[in-house]
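Working through the structure, step by step
Here is how the chains run, residue by residue.
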Amino acid sequence: MKPAPFHYLAPATVEAAVALLAEHGDEAAVLAGGQSLMPMLALRLTAPAILVDINRIGALERQSIDAAGYSFGALVRHADAWAAVRADDPAHLLARALPHVAHQAIRHRGTICGSLALADPAAELPACAVCLDAEIELAGPAGRRRLTADAFFEGLYTTARRPDELVVGVHVPRLGPDTRFGFDEVARRHGDYAILGLAARALVVDGCIKDCRLVYFGAGARPVVATAAQAALKGAALDDGHAHGRAAAAVMGELAIDPDLRYGATYKRQLATALLKRIIGQWKAPQ
Amino acid sequence: MPDRLLGSTEAQIGASRPRARSRALLAGRGRYLDDINLPRQVHAAFLRSPVPAAVIDRLEVSAAARSPGVVAVLTWADLAPVCQAWRTLSAAFPGLAAPEQTPLANGRVTSVGEPIALVLAASRALAEDAVAAIELDWRERPAVGVATAALAADAPLVHPELGSNLAWRFAAETGDVAAAFASAATVVEERFVFSRHTGVTLEPRGILAAFEPSEGRLEVWASHQMPHQLQLHLGELLELAMSQVRVTASDVGGGFGVKMHVYPDEVAVCAAARLLGRPVKFVADRLESLMSDIHAREHVIEARLAVDAEGRLLAIDAKGVQGIGSHSVFPRSSTVETLMAMRTLGAPYGLAAARAQADVVFQNKAMTGQYRSVGHPIACAVTERLVDMAARARGEDPLAMRRRNYLEPGDGRCRTALGLEVFDLSHVACLDRLEALMGLPALRQSVAARRQAGEVLGLGFAAFVEMTATGSEVYGMAGVPVAAADTIQLAVEPDGSLKASASLSELGQGTDEGLVQVLADAVGVAPERIGLEMGRTASGPHGGGAWASRGAAIGGEAAWHAGRKLRGQILAAAAALLQTPAAALDLVAGCIVDAQRHERITLAALARTVHFAGHEFPQGTLPQLQVAHHYRREADIAIPTNGIQAALVQLCPETGLVRCLQHWVVHDCGRIINPLLAGEQVRGGVVQGIGAALFEHCRYDAQANFLDGSLADYLVPMAMEMPDIAVGHVETLYRGSTLGAKGAGEAGTCAASAAVLNAVNDALAAVGGGRLAEIPLTPPLVLAALNDRSNAG
Amino acid sequence: MSDLGLETTATLACTVNGEPVRAIVPVRQSLVDWLRHGLGLTGSHVGCEHGVCGACTILVDGRTVRGCLMLAMQVDGLAVETIEGATASGRVVALQAAFRERAALQCGFCTPGMVLTAAELLASEPRPSRARIREAISGNYCRCTGYQAIVDAVAAAGGND
Ligand SMILES: Cc1cc2nc3c(=O)[nH]c(=O)nc-3n(C[C@H](O)[C@H](O)[C@H](O)COP(=O)(O)OP(=O)(O)OC[C@H]3O[C@@H](n4cnc5c(N)ncnc54)[C@H](O)[C@@H]3O)c2cc1C
Ligand code: FES
Ligand code: FES
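Keep in mind that this is a model prediction, so the values were computed, not measured. (Residues numbered from 1 in each chain as written. Chains lettered and ligands numbered in written order. Predicted model: local features only at pLDDT ≥ 70, side-chain atom pairs only at ≥ 80, totals over all residues. Heavy atoms only, no water.)

1. A word on the site of ligand 1
Inclusion rule: Proximity is defined per residue: if any heavy atom of the residue lies within 4 Å of a molecule or strand, that residue is considered near it. Within 3.5 Å is the distance limit for a polar contact, defined as a pair of N or O atoms, with the added protein rule that one can donate a hydrogen and the other accept it, and that residues adjacent in sequence qualify only through two side-chain atoms. Per-residue accessibility takes into account occlusion by the displayed protein chains alone, with areas from the Shrake-Rupley method and a 1.4 Å probe. Helix and strand definitions here come from DSSP, where helices need a minimum of 4 consecutive H or I residues and strands a minimum of 2 consecutive E residues; each element is numbered from the N-terminal end. Just so you know the grouping, Ala, Val, Leu, Ile, Met, Phe, Trp, Tyr, Cys and Pro go in nonpolar, Asp, Glu, Lys and Arg go in charged, and all remaining residues, Gly too, go in polar.
Surrounding ligand 1, one finds 31 residues, the nearest of these being A:Val30, A:Gly34, A:Leu37, A:Thr111 and A:Glu124. Site remark: ligand 1 is flanked by residues from chains A and C. At a separation of 2.6 Å, an oxygen atom of ligand 1 approaches a polar side-chain atom of A:Thr111. Here an oxygen atom of ligand 1 and a backbone polar atom of A:Ser115 are 3.4 Å apart. Protein burial of ligand 1: of its 950 Å² of free accessible surface, 93% is covered by the chains. For the shell around ligand 1, the secondary structure elements donating two or more residues are β2 (28-31), α6 (112-118) and β10 (166-173) of chain A. Take the shell around ligand 1: its biggest share by element is 4 residues, from α6(A). Looking at the shell around ligand 1 residue by residue, the classes come out as 16 nonpolar, 12 polar and 3 charged.

2. Brief notes about the packing of aromatic side chains
Two aromatic rings are characterised by how far apart their centres lie and by the angle between their planes. Our working definition: Between 30 and 60 degrees the pair is tilted, below 30 it is stacked and above 60 it is edge-to-face, where a pair is any two Phe, Tyr or Trp rings, Trp via its six-membered ring, whose centres lie within 6.5 Å. Accessible area is worked out with a 1.4 Å probe on protein chains only. A residue is then buried under 20% of its type maximum, exposed over 50%, and partly exposed in between. Either the NZ atom of lysine or the CZ atom of arginine qualifies as a charge over a ring when it sits within 6 Å of the ring centre and within 35 degrees of the ring normal.
Tallied over the full model, the rule gives 14 aromatic pairs over all chains. Between A:Phe152 and A:Phe153 the ring centres are 5.2 Å apart and the planes differ by 80°, which places this aromatic pair in the edge-to-face class. Residue A:Phe153 is classed as buried on the basis of its relative accessible area, which comes to 3%. Among the aromatic side chains, those forming a connected cluster through ring pairs are B:Phe93, B:Trp168 and B:Phe170. One residue, B:Arg304, lies across the ring of B:Phe181, its end atom 3.7 Å from the ring centre.

3. Things to note about the domain arrangement of chain B
Residues and elements named next belong to chain B. Stated precisely, the cut-off is as follows: Where each domain begins and ends is defined by an automated method or by a domain database. Put simply, buried area is how much 1.4 Å-probe accessible surface two parts lose in total, over both of them, once they are put together.
Its domain assignment divides chain B into domain 1 (22-30 + 485-631), domain 2 (33-141 + 204-252 + 259-292) and domain 3 (295-472 + 635-787). On a C-alpha basis, the centres of domain 1 and domain 3 stand 39 Å from each other. Across the domain 1/domain 3 interface, buried area totals approximately 1400 Å², and carbon plus sulfur atoms make up 57% of it. Considering only the side of domain 1, the residues that lose the most area to domain 3 are Trp547, Ser549 and Glu557, jointly responsible for 32% of the buried surface there. Counting the contacts that link domain 1 with domain 3 gives 7 residue pairs in polar contact (both at pLDDT 80 or more).

4. A closer look at the interface of chain B and chain C
To keep things clear, this is the line we draw: Whether two residues are in contact is decided by their heavy atoms, any of which lying within 4.5 Å being enough. We define a salt bridge as a side-chain nitrogen of Lys or Arg found within 4 Å of a carboxyl oxygen belonging to Asp or Glu.
Between chain B and chain C, the contact holds 63 residues from the first and 53 residues from the second. Here chain B meets chain C over a buried area of about 4500 Å², counting both sides, of which 58% is carbon and sulfur. Along the contact surface separating chain B from chain C lie 7 salt bridges. Residue C:Arg134 pairs with B:Asp724 through a salt bridge whose shortest N-O separation is 2.7 Å. The interface formed by chain B and chain C includes 28 residue pairs in polar contact (both at pLDDT 80 or more). Considering every element that reaches the side of chain B that touches chain C, the biggest residue donor is helix α18 (residues 675-694) of chain B, with 8 residues. Looking at the side of chain B that touches chain C residue by residue, the class counts come to 32 nonpolar, 16 polar and 15 charged.

5. Observations regarding the nonpolar core
The test is simple: By nonpolar core we mean a set of buried residues, namely Ala, Val, Leu, Ile, Met, Phe, Trp, Tyr and Cys, connected to one another through side-chain atoms within 4.5 Å.
If you look at the biggest cluster of nonpolar residues, it comprises 220 residues, and the most contacted ones within it are A:Tyr216, A:Leu276, A:Trp283, B:Leu651, B:Val756 and C:Phe99. The leading source of residues in this core is helix α19 (residues 747-766) of chain B, at 12 residues. Here B:Leu651 is in contact with B:Val456, B:Leu657, B:Val658, B:Val760, B:Ala763, B:Leu764, B:Val782 and B:Leu786, once residues within four sequence places are set aside. Core analysis: the next-biggest nonpolar cluster, separate from the first, contains 59 residues, A:Leu20, A:Leu21, A:Leu94 and A:Ala194 among them.

6. Quick look at the environment of B:Glu337
Residue and element names in this part refer to chain B. Following the sequence through the fold, Glu337 ends up in helix α9 (residues 335-343). Overall, the relative accessible area of 1% leaves Glu337 in the buried class. Spatially, the C-alpha atom of Glu337 lies 10.0 Å from that of Glu298, the residues being 39 residues apart in sequence. When sequence neighbours within four positions are dropped, the list of residues in contact with Glu337 reads Ala296, Arg297, Glu298, His299, Gln322, Gly369, Val374 and Gly375.

7. Remarks on the sheet that holds strand β25 (residues 591-593) of chain B
Residue and element names in this part refer to chain B. Applicable threshold: One requirement defines pairing of two strands: DSSP has to find at least two bridges between them. Interaxial angle, 0 to 180 degrees, is taken between N-to-C directions of lines fitted to C-alpha atoms, where a helix line uses only the stretch in contact.
One open sheet holds the 3 strands; their spatial order is β24-β25-β26, and the pairing between them is antiparallel. Both outer strands of the open sheet, β24 (586-588) and β26 (599-602), are each paired with one neighbouring strand and no more. Strand after strand, the sheet turns through a mean of 35° between neighbouring axes, direction not considered. Sheet analysis places β24 next to β25, joined by 3 bridges and oriented antiparallel. Residue pairing across strands places Asp586 opposite Val593, the latter belonging to β25.

8. Digging into the pairing of strand β3 (residues 57-60) of chain C
Residues and elements named next belong to chain C. The side-chain alternation of β3 yields two buried faces, one formed by Thr57 and Leu59 and the other by Ile58 and Val60. Relative to strand β5 (residues 79-81), β3 is paired through 2 bridges, and the arrangement is antiparallel. Each bridged residue has a counterpart across the sheet, and for Val60 the counterpart in β5 is Val80.

9. Here we look at the sheet that holds strand β27 (residues 626-631) of chain B
Note on sheets: strands pair through backbone hydrogen bonds, and any given pair is parallel or antiparallel. Residue and element names in this part refer to chain B. Strands sit in the order β23-β22-β21-β27 across an open sheet of 4 strands; the sheet is mixed. Looking at which strands have only one partner, the edges of the open sheet turn out to be β23 (530-534) and β27. For this sheet the average axis-to-axis angle between neighbouring strands, irrespective of direction, equals 15°. Here 5 bridges tie strand β21 (residues 486-492) to strand β22 (residues 498-502), and the two strands are oriented antiparallel to one another. In the strand pairing of β22, Leu490 is matched with Ala500. Here helix α16 (residues 551-578) sits on the sheet in contact with β21, β22 and β27, set at roughly 150° to β27.

10. What to know about the pairing of β2(A)
All names here are of chain A. To keep it simple, the criterion reads: With its strands directed away from the observer, a crossover is right-handed exactly when the path from the first strand over the helix to the second travels clockwise.
Pairing of β2 with strand β3 (residues 50-53) involves 4 bridges; the strand directions are parallel. The residue of β3 that forms the bridge with Ala28 is Ile50. The handedness of the β2 to β3 crossover, carried by helix α2 (residues 37-42), is right-handed.

Pasting the structure below:
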């Protein structure tokens, strides 16, 4: 189980990295934390001719937490992002989600941006990014651009990133003080990719859900926003059981779940409603 | 009591001692197969079949041979001149279909992962590059995946020349089964589905072979459970005398039955080393091990149990199909699992009648073989589930049901309905001990209270009989060359320390430590004064290795007798030197003492005299400070052990996830040589059983394509999901040996999945859900059962 | 037989267990393969090569990583520590003693990775709960022990008997 041969380049700047991507196009692959790419190389599921290792680009290590929110450069590791967010707001969606991403030794290397760039449909972070209205910053030969997470994720392992672009960072806006987060997933074993998971937030004022966002992962080719369920909950009291029931029914109706090889759509649908119930429970708990 | 030391405070036997070897392993100084390298060695990678069944039309290796760093690309045509094909034959299984097997495919393939060609290159990476350059054209043939469909009239044939996919058929019957069921007050029946799983040793299989043409000598290092057996078969297959073949197993990173077979790829590596005259190393990567290590335990069994009005078990009747994959594994045959799965049905109980039948079928899947607790977990799950169902049908406590029906021969011996000879059992004592260990009444109250509070909890039990330390009749009468005896060689070094060599193998179980403890007591020296070597055919005596939980029961006995023999030699030598009757002397802690326990001479001084100043002995005495003892049990085909396990589980009503909260085991393995290590054998075994119950599954699709390529797909039990396991022991000595030890290595695995299966069903019943009789108990299955209200009422 | 002439290689300089090392490595070689086969540090083991088993756990710049999920080239300029180095420095001696006493290893193949992972936990949380210990080692596969003895040993080494 050894990778096919490749050339290895470790540019020191974003510009140099982008230039390499522009030059080599699909022949090149970006190596960030390597926690997904290295297994794919070892299994020869992918065999790029050139590996562009971005770990030498010091500028991508930047991480900032301020009034505007969180910004994570492309080399910010899961473990460091988790620690920073936890210190800032232990109830934050990312603080809840990151411990479910693999195990600590993997979180020491894996990057937030790498996880977004990979766009694994069962991964936690793409769904969180969509839920949080995060913006993904890309650098290409023509300069930089930002895309909302919703626009970034296109399908199974595919994103709006062009082959000559590098994800250089992700920006997570700070949400108002009335925001409540909810996160849960169902996995066979701790640290496994989830069978199904839900990243959520709600704007709760006087015990009433003014607005909410429900984003499932493991449910489709990309993070799935449960818009009908969101609508069912909007305006409802936090303890309005009827509204919860309507939302659950809406989830059942709207999730066109892709069955995977192991878990059928019926089962996943049952999980979807169970997760919704749990998330509403989390919203109720003081945060 | 064979000796004053047994049970005394000085005794090593019965002491909890950590393994001496653990210090080196903890420091990262182990020496596993891949840690060994030889000058000029080349690395092997295999082209393996991507499809379950095909005829190979073209196999073109010339481009691969030109790939950088490649030394050779070999096919069966290249190996055939130096290597025999084989068939798995065994008189124990009359009529066993035995298709020919070759180390590399001979024109066709019969399972995904079957080795087709072998690349040898400067590195594994370069070898893999070349594998990708081999040109292979094949015509895919229809394949058989599902075992229950293998005997259908229109089923494709795995081996067309055999005319059928039936490999073997087991049938046994005692008593009047029909009458028992006709007269029964209660009959329960169930259809059980056991999915394939595999051993997943953390260190994958591996082998390093070197051939010295001038001496015709093959030197092999292997991560293997039985180097002596491997030596024998390599000799046979490569037409070398056993004296020309040396096999060494140094540290082995887990075995569990995976590393006790003769694998085609490993034979190919040895043949290649012989052909090339340079060392060849092969270490299976995880993909290769998951697809080509032996799998095990794929059974579908329909079974029923008859119970009379007083709650006495009358008869069991089971009919099964077992899928063994493309071949019956060499040399022991995959059907050993069938035999044990059928013969141990109902084993803890007295039954007047029993019938067991099984069709063993070939499929286009990986071979199956002897995985830890061979066959027993299948029988245990079937039996224990049926007993629970019967208790429930009668509305009584499942433990009361067991207590009433245990087969306990007391001081005598008897046969179970399916023909196992049992004796020295302690079912009732184990059950008493279990109830105490669990604090059962209080635990039941707490379960009831938590259920009231809405938790879905289940408590499950599983009693078992595990047959251990197999004797020579089993393979001997089958005509299969498998050593059931073991030998210990023992000698006194000039400084009075002991040099020992055993035919057993160490895979981490702690057999080495146990043997040293026995030797220390038997001779009368400190364990630290004994250097024991295992796993080397060049210097060690031929013998069994590691299988069927034999370390203590057979190895321990060999060590005891070798030690006593040597002690006799030492005392005789001392007597001659000291001009004292030997009977007046004793050997204690490395000193020869007189009846008053006064030191007469140290063993070190005696040994020095023997080795360097022999002239000091009286004329005509020639002390022999070295012995060998070959131990073979003369009675009893196997030694039964018994025990009971319990599992407490919690089901998540929303997701169907099963959480194991706690597990208990009480086991009777006779004399316990090292309680610390015996307890850990049980715990490790239990977790393998829980893994089988909840997670592990070698999944194939209906066309026999393998789905669980990686360790991300094949789910092994990890720390977070496993419970703490309380272990208790009852010590009923085996009366047929001096030490009275029985096997301890497999009992944990034997009943763990059965206990979890019963616990899950107990939880389901508590909430009026459906029944489950399939492992692994996946969350979708459990959730569906939770929501199944057809049994409610 | 050397494969270096046949591979795309590069030069790397780093420290391994405190000692400076310069080496030419094939660029596709994983860190754990280089440590094992290039430097003879065979205490780090390979159980899966795809990041799942934890047998290859080592430290890079003081943090545990999967040795199979980094390229050797990636430690250029960094500090690597393996079980051999941790043993020599004495920093895991209490854990090693506890593992031994409690028989928290059988075949020993998972053990170096377990010890380094447990040491990292104890460095940040000297008295972790059993549940926390289980979580911390949840990415390290052990087929032999069933984990309980490992949990006991880590708890004991942390003074949380
Ligand atoms: C055992 C195990 C369990 C895991 N469990 C989980 C889990 O439960 N949940 C989960 O979400 N993940 C899990 N992961 C994956 C882990 O989170 C990865 O770290 C993550 O998916 C990818 O991040 P990375 O930085 O390692 O990216 P890499 O592996 O380096 O790259 C992944 C992909 O993204 C591309 N890429 C990376 N960074 C950039 C960039 N800046 N610009 C452009 N392209 C880029 C790469 O070219 C590659 O195609 C697991 C991994 C392992 C080994
Ligand atoms: S070998 Fe690296 S995680 Fe298994
Ligand atoms: S001790 Fe063998 S894998 Fe852990």
